[in-house]
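Observations on the three-dimensional arrangement
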Amino acid sequence: MALVMNSENERVQHQRSFSGDLVGITAIMAIGAIGYFAFPDNLALLTRMITIALLVLSLDLVTGYCGVATLGHAALFGSGAYAAGILSVHYGINDPLLMMLAGVAAGAVAGLLSGAIILRAHGLPQLVLSIALIHLFHEFANKASSWTGGSDGLSGIAPDPIFGLFEFDLYSQTAFFFGMALLLIVFVLLRWLVRSPFGMLCRGIRQDPLRIRAMGGSPKAAFIRMYVISGAVAGVGGALNAISTQVVGLDSLSFTQSAEALVMLVLGGTGSLFGALSGTVIFILFEDYVSAANPFHWLTMVGALLIAVVLFAPKGLFGTAAAFVSRRKEARA
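1. Concerning the environment of Leu127
- Counting through the fold element by element, Leu127 comes out in helix α5 (residues 124–143).
- On a C-alpha basis, the gap between Leu127 and Phe274 in space is 25 Å, while along the polypeptide they are 147 residues apart.
- Setting aside residues no more than four positions away along its own chain, Leu127 makes contact with Ala69, Thr70 and Leu71.

2. Details of empty space enclosed by the protein
- Counted according to the given criterion, the structure contains one cavity of 30 Å³ or more.
- The computed volume of the largest cavity comes to approximately 40 Å³.
- Along its surface, the largest cavity is lined by Thr70, Gly72, His73, Leu76, Ser114, Ile118, Ser130, Leu133 and Tyr227.
- Elements represented by at least two residues in the lining of the largest cavity include exactly α4 (96–118) and α5.
- Along the lines of polarity and charge, the residues of the lining of the largest cavity split into four nonpolar, five polar and no charged.

3. Some words on the confidence of the model for the protein chain
- In this model, the protein chain carries an average pLDDT of 88, and 94% of its residues clear a pLDDT of 70 or more.
- Taken as a whole, residues 1–10 scores under 50 in pLDDT and shows zero contacts with residues more than four places along the chain or in a different chain.

4. Observations regarding unusual backbone geometry
- Non-glycine residue Phe163 carries a positive phi angle of around 55°.
- Along the chain, Phe163 turns up in the loop between β1 (154–155) and α7 (173–195).
- Note on Phe163: relative accessible area 65%, which makes it exposed.
- The backbone of Gln246 sits at a positive phi, close to 60°, despite the residue not being glycine.
- Relative to the assigned elements, Gln246 resides in the loop between α10 (219–245) and β2 (247–248).

What counts, and where the lines are drawn
- Residues numbered from 1 in each chain as written.
- Predicted model: local features only at pLDDT ≥ 70, side-chain atom pairs only at ≥ 80, totals over all residues.
- Heavy atoms only, no water.
- Helix = DSSP H or I, 4+ residues; strand = E, 2+ residues; numbered from the N terminus.
- Contact = heavy atoms within 4.5 Å.
- 1 Å grid on protein atoms, 1.4 Å probe; cavity = no way out; pocket = protein on both sides within 12 Å on 5 of 7 lines; lining within 4 Å.
- Points joined across faces, edges and corners; volume = space filled by probe spheres on them.
- Nonpolar A, V, L, I, M, F, W, Y, C, P; charged D, E, K, R; others polar.
- pLDDT = per-residue confidence, 0-100.
- Buried < 20%, exposed > 50% of the residue type's maximum accessible area, 1.4 Å probe, protein only.

Spelled out as structure tokens, the structure:
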């Protein structure tokens, strides 16, 4: 009897997970389609939104699912961007897929290095280490100007047409659709990852690391693995940014980039891939609209929005909405 009930529970859980995947894929495609027809002359903004969404998703893996405090995640994003750019400018390899692979590899290596250092501390020292790392990455890129272009940026990136058919034009149509395909692939893979035994282990370590150690698990090893995966995802975003804009600047390795990514994650809700995506979309659209409407005081309006969210929706906009819907379902049941 117990086996039958467990099997039934697993079947129901699998159906719910599959439904969540379909909902997520449908929502991403629907928002992408709405954006494409609503902003036909500003696809560059939508492509930038996709690149930043990949960065925020990668940050959610270590902060939301592992509980690791970091303000240096742009180091992984920038590593991917520079790797793709250097491959094109200095080695003449302009295939977008190879450039993407270079970004993934560089992001993963940067994630391994960052994780090995940051995870040696906890709490506030951990946060300080992450800030120190982003400044070190930024300064290294600035000094290695023969490879990175330094403060002038790395220009001359010329990606070939995808499959020899779709050129990266000034209207960003190819970049937009390429970015949407990457985002969908990454989202599906991350949905599988966070539901896997490894993903559940990371959640368990975040909640009770002592119990996991008592069971024979290694919190540090699990977190470093997640950091490497997170770096690979951030590297996808960085490489996409290099391919779409055809230039890489030091701003991709800036502390501001890291801080804004954390703000977007908190805005949507930590520990949720949907929260990371919704926070990115809301923040970038709000920032773009407000800065255009009031170029002198738009930062004040952004600050007011963030204060309101932290005070009245501490789980983030998506997290609060999901909790409200869950309570309504329980009340009806």
